[in-house]
Amino acid sequence: MLDVLYFAWVRERIGLPGERVETGAATVRALVAELSATDARHAAAFADISALRVAVDQELTDFDAPLAGAREVAFFPPMTGG
Amino acid sequence: MTVRVQAAPFDYGAECARFAAGVAGAGAVVTFAGVVRDNDAGTLKRMVIEHYPAMTEKALTAIVGQARARWPLCDCLIIHRYGALVPGEMIMMVATAARHRAAAFGAAEFLMDYLKSRAPFWKREITSDGGAAWVESRSEDEGALRRWN
């Protein structure tokens, strides 16, 4: 089981702060393909992944990152701290 | 080295004084504060900052680690708020202390550049007409990181 979290407009577009998914996805990109197939809201949120950033187990990474052993994946827009 | 992520306001003057008084051997202390800026039309009612609690302190601590690897710092402090803030309120502060000013200034700028685009915070602006919009990241902020590579 994998905890998938959403922040900022990704959370709003999907309508959930997160969800627990059963997945065999080997990479973030494969997980995105599975999530996009869930419904129209997920499809809309993941339509342009160049507008998204991803963290696996709270570390920023890229969409080709492997998910083996991962417990938490978070999707969000580019950060606006400071 | 201290990293604090909090909803509550902080007393900038007191934090700066405490930081400066607590560092031994430093000849330079640099402090910076980020303030909620009203929009050009003057209609910003509040700014709401969302963050990713499990990641925020971890990311900030990693950024501090990178700064320490680059500059000989005696100490540094980051305070970053989340939640609802009004124009004029302080969002965050950074303080650095080093034996010489170049390191203190350099590390403070580095920390700010990384905080802008590598710490998991997202700002949302609520205007007095009821409008709400996520603040978009600026390409200049991403560009600012490149000078450190």
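Here the structure is shown first, and the text comes after it.
If you're wondering where the values come from, they're calculated on a predicted model, not measured in any experiment.

Draft legend 1. Looking closely at the overall build of chain B. On a plain count of helices and strands, chain B comes out with four helices and eight strands. What you see in chain B, going N to C, is helices and strands ordered as β-α-β-β-α-β-β-β-α-β-β-α. For 149 residues, the compact-globule estimate of 2.2 N^0.38 gives 15 Å, and the C-alpha radius of gyration of chain B, at 16 Å, lies within 12% of that figure. For chain B, the spread of C-alpha atoms along the three principal axes comes to 50 × 35 × 30 Å.

Draft legend 2. Representation of the interface of chain A and chain B. Taken together, the 20 residues of chain A in the interface contact 24 residues of chain B. Roughly 1800 Å² of surface becomes buried between chain A and chain B when both sides are summed, with 58% attributable to carbon and sulfur atoms. Broken down residue by residue, the surface that chain A buries against chain B is led by Met79(A), Thr80(A) and Gly82(A), which jointly contribute 39%. Seen at the junction of chain A and chain B, the total is two salt bridges. With a shortest N-O distance of 2.4 Å, Arg11(A) and Glu50(B) are connected by a salt bridge. The interface formed by chain A and chain B holds 14 residue pairs in polar contact (both at pLDDT 80 or more) in total. Looking at the side of chain A that touches chain B, the elements with two or more residues in it are helix H1 (8-14), strand S4 (59-61) and strand S5 (72-76) of chain A. Ranked by residue count, the leading element in the side of chain A that touches chain B is H1(A), at four residues. Looking at the side of chain A that touches chain B residue by residue, the classes come out as eleven nonpolar, four polar and five charged.

Draft legend 3. Examining helix H2 (residues 28-36) of chain A more closely. Buried within H2(A) are the following residues: Val28(A), Leu31(A), Val32(A) and Leu35(A). Here the buried residues of H2(A) occupy an arc of 105° about the axis, which is enough to place them on one side.

Draft legend 4. Seen up close, the pairing of S5(A). All names here are of chain A. Of all five residues making up S5, five are buried, and the element is well covered by its neighbours. Of the two faces of S5, the one lined by Glu72, Ala74 and Phe76 and the one lined by Val73 and Phe75 are each fully buried. Examined bridge by bridge, strand S1 (residues 2-6) and S5 share four bridges and lie parallel to one another. Bridge assignment links Tyr6 to a residue of S5, and that residue is Phe75. As defined by bridge partners, strand S3 (residues 53-56) adjoins S5 across four bridges and the pair is classed as antiparallel. What sits directly across from Ala55, in S5, is Ala74.

Draft legend 5. Spatial organisation of the side chain of Glu50(B). If you trace the backbone, Glu50(B) turns up in strand S3 (residues 44-51). Within the structure, the side chain of Glu50(B) is placed 2.9 Å from the backbone nitrogen of Ala8(A), a separation counted as a polar contact. Within polar-contact distance, the side chain of Glu50(B) engages the side chain of Arg11(A) at 2.4 Å.

Draft legend 6. Highlighting the packing of aromatic side chains. A full pass over the atoms with the stated rule returns 13 aromatic pairs over all chains. Ring centres 4.9 Å apart and planes at 55° place the aromatic pair Phe76(A) and Trp122(B) in the tilted group. Of this pair, Phe76(A) sits in strand S5 while Trp122(B) sits in strand S7 (residues 121-127), each in a different chain. In terms of burial, Phe76(A) and Trp122(B) fall into one category: buried. Look at Trp71(B) and Trp148(B): their rings are 5.5 Å apart centre to centre, the planes differ by 80°, and that puts the pair in the edge-to-face class. On the criterion of sequence distance, the pair formed by Trp71(B) in the loop between helix H2 (53-70) and strand S4 (73-81) and Trp148(B) in the segment after helix H4 (139-146) is long-range, its members being 77 residues apart. There is no split in this pair, since Trp71(B) and Trp148(B) are both buried. Linked through ring pairs, Tyr6(A), Phe46(A), Phe63(A) and Phe75(A) together constitute an aromatic cluster.

Cut-offs used in this document
- Residues numbered from 1 in each chain as written.
- Chains lettered and ligands numbered in written order.
- Predicted model: local features only at pLDDT ≥ 70, side-chain atom pairs only at ≥ 80, totals over all residues.
- Heavy atoms only, no water.
- Helix = DSSP H or I, 4+ residues; strand = E, 2+ residues; numbered from the N terminus.
- Rg over C-alpha atoms; globule rule 2.2 N^0.38 Å.
- Contact = heavy atoms within 4.5 Å.
- Buried area = accessible area lost by both parts, 1.4 Å probe.
- Salt bridge = Lys/Arg side-chain N within 4 Å of Asp/Glu carboxyl O.
- Polar contact = N/O pair within 3.5 Å; in protein donor to acceptor, adjacent residues only side chain to side chain.
- Nonpolar A, V, L, I, M, F, W, Y, C, P; charged D, E, K, R; others polar.
- Buried < 20%, exposed > 50% of the residue type's maximum accessible area, 1.4 Å probe, protein only.
- Arc of directions from axis to C-beta.
- Pairing = 2+ DSSP bridges.
- Phe/Tyr/Trp six-rings, centres within 6.5 Å; stacked < 30°, edge-to-face > 60°.

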